[in-house]
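Notes for the structure review
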Amino acid sequence: MSLLPLDRPSPPARALRRVAGFGLTAAAALLTAVLTGAAAGGARAEPAGAASVALVVSVDVSQSVDDSRFVLQMEGIAEALEDPGVIAAMTGNPGGTLFAMVTWADRAGLAVGWRRIASRADALAVAAQVRATPRQSGEFTCLGQMFRTVAGTILPAMPVPAERIVVDVSGDGIDNCTDPEDLEAERTALLATGATINGLPILVPGENDVVGAGAYRAPGYGLRATPLPQERTDLVQWYRAHVVAGPGSFLLKAAGYGDFSRALRRKFIIEVSRLAPGRHED
C-alpha cells in the first residue's frame, strides 16, 4: 500500500475544499463519488450482468409460407411477447431474457437483433419490432444454413453472456437443400456452442401430413441421392430426428398457422421458466 506525503491532503480532504462553496446537496454528492471511487480503487464499471436465458426464435419463411402465413407468424410471436404469462417468465429470472429473431429460407438473416427483456416495456417494444419485420424472400427450406448462421454469426454477437441458450425452430417443412451428413454436422456445431434446439413444427392438413421423397427440393439433386427420407414419415417425426437436440430439448407442435400463437406462448413459458419439458411435449 502506498502512503500519501504528509504535506499532501488526502483525496477526500481535497474534495471538501473544492466543495466549500457548493450547496450541501452538491457537496454531499461529490464527496460520496470521491469516497466511492477511493474505496473501489479506481476500478472500471462492470458491464451489464448476464441474462438468465438467450432465446433465438428461428422462423421458416420459405415458399410454402405465403404472405398471410408470414403475418400470422409475426403476429403470433408478437402476441406471445405481449402475453402476461410470457412476460412474467421472461422477466422473472435474474438478468431477464435476451431475445433475437432469425428468419430463414434459402439463407438465414437476423430480423430482430439482440434485445434484453427485463420489463413489460421491453417485451412490448420487442413485440412492436417483430410486427414491423419485412418479409424475407426465399424459396427453399435450408435448415442447415440456418444452423450455420446462428452458430457462426448470431450467438457470437450476444451482448452479454447467458446462463442458457435456446434456439426455437418453427416451420412447416423439412430441409430440402442440405445433404444429410452436412445437416447433422451443422446441428452438431450449433450444439457445441452450448445451445439447446427446440422444435415447433406447424402441421397443415393435406400439405405436410407426409414428408419425404418427392417433396419440393432445391436444384442440384438430380444426379445425387436425395437428402429426404425414402420412407413415409411425418413432420413431427422428422423434427424429432433432425432438429430437436441438446439438454432439456423438446418439441411442441402447432395445429396449423391459426394455432401458432397459442403454441408459441406455451413454448416460450416452458423454455424460459425451466419447466420440465417432457411433460409438456405435445
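Just so we're clear, the structure is a prediction, and the values are computed from it rather than from any experiment.

Our focus in this paragraph is the packing of helix 3 (residues 67–82) against helix 9 (residues 260–273). Helix 9 packs onto helix 3 with a crossing angle of 40° between their chain directions and a minimal axis gap of 8 Å. Of the possible angle classes, the one that applies to helix 3 and helix 9 is oblique. The interaxial crossing formed by helix 3 with helix 9 has right-handed handedness. From helix 3, Leu72, Gln73, Gly76, Ile77, Glu79, Ala80 and Leu81 reach across to helix 9, where they touch Phe260, Ser261, Leu264, Arg265 and Phe268. In terms of residue class, the contact of helix 3 with helix 9 is made up of seven nonpolar, three polar and two charged.

On to the sheet that holds strand 3 (residues 108–117). Read from one edge of the open sheet, five strands run 3-2-1-4-5, paired in mixed fashion. Each of the sheet's edge strands pairs with one partner strand only, and the pair in question is strand 3 and strand 5 (195–201). When strand polarity is set aside, the average angle formed by the axes of neighbouring strands in this sheet is 15°. Pairing between strand 2 (residues 97–104) and strand 3: seven bridges, direction antiparallel. Bridge assignment links Met101 to a residue of strand 3, and that residue is Val112.

On to the packing of helix 4 (residues 84–91) against helix 9. One can describe the packing of helix 4 onto helix 9 by two numbers: an axis separation of 9 Å at closest approach and a directional angle of 20°. Taken together, the axes of helix 4 and helix 9 lie roughly parallel to each other. Our pair here, helix 4 against helix 9, has a crossing hand that is left-handed. Judged by residue contacts, Gly85, Val86, Ala89 and Met90 of helix 4 engage Arg265, Phe268, Ile269, Val272 and Ser273 from helix 9. For the contact of helix 4 with helix 9, the per-class residue count stands at six nonpolar, two polar and one charged.

A word on the pattern of salt bridges. In the structure shown here, the tally under the stated rule is 10 salt bridges. Between Arg131 and Glu75 there is a salt bridge, and its shortest N-O distance comes to 2.9 Å. Placement of Arg131 in helix 5 (residues 120–131) and of Glu75 in helix 3 is noted, with a sequence separation of 56 residues between them. Given the relative accessible area of 28%, Glu75 is considered partly exposed. Here the salt bridges share partners, and the residues they tie into one network are Glu75, Glu82 and Arg131.

Conventions and cut-offs
Residues numbered from 1 in each chain as written. Predicted model: local features only at pLDDT ≥ 70, side-chain atom pairs only at ≥ 80, totals over all residues. Heavy atoms only, no water. Axes fitted to C-alpha atoms, helices over the stretch in contact; angles between N-to-C directions. Helix = DSSP H or I, 4+ residues; strand = E, 2+ residues; numbered from the N terminus. Parallel < 35°, antiparallel > 145°, perpendicular 65-115°, else oblique. Left-handed = near helix turned anticlockwise from the far one by under 90°. Contact = heavy atoms within 4.5 Å. Nonpolar A, V, L, I, M, F, W, Y, C, P; charged D, E, K, R; others polar. Pairing = 2+ DSSP bridges. Salt bridge = Lys/Arg side-chain N within 4 Å of Asp/Glu carboxyl O. Buried < 20%, exposed > 50% of the residue type's maximum accessible area, 1.4 Å probe, protein only.

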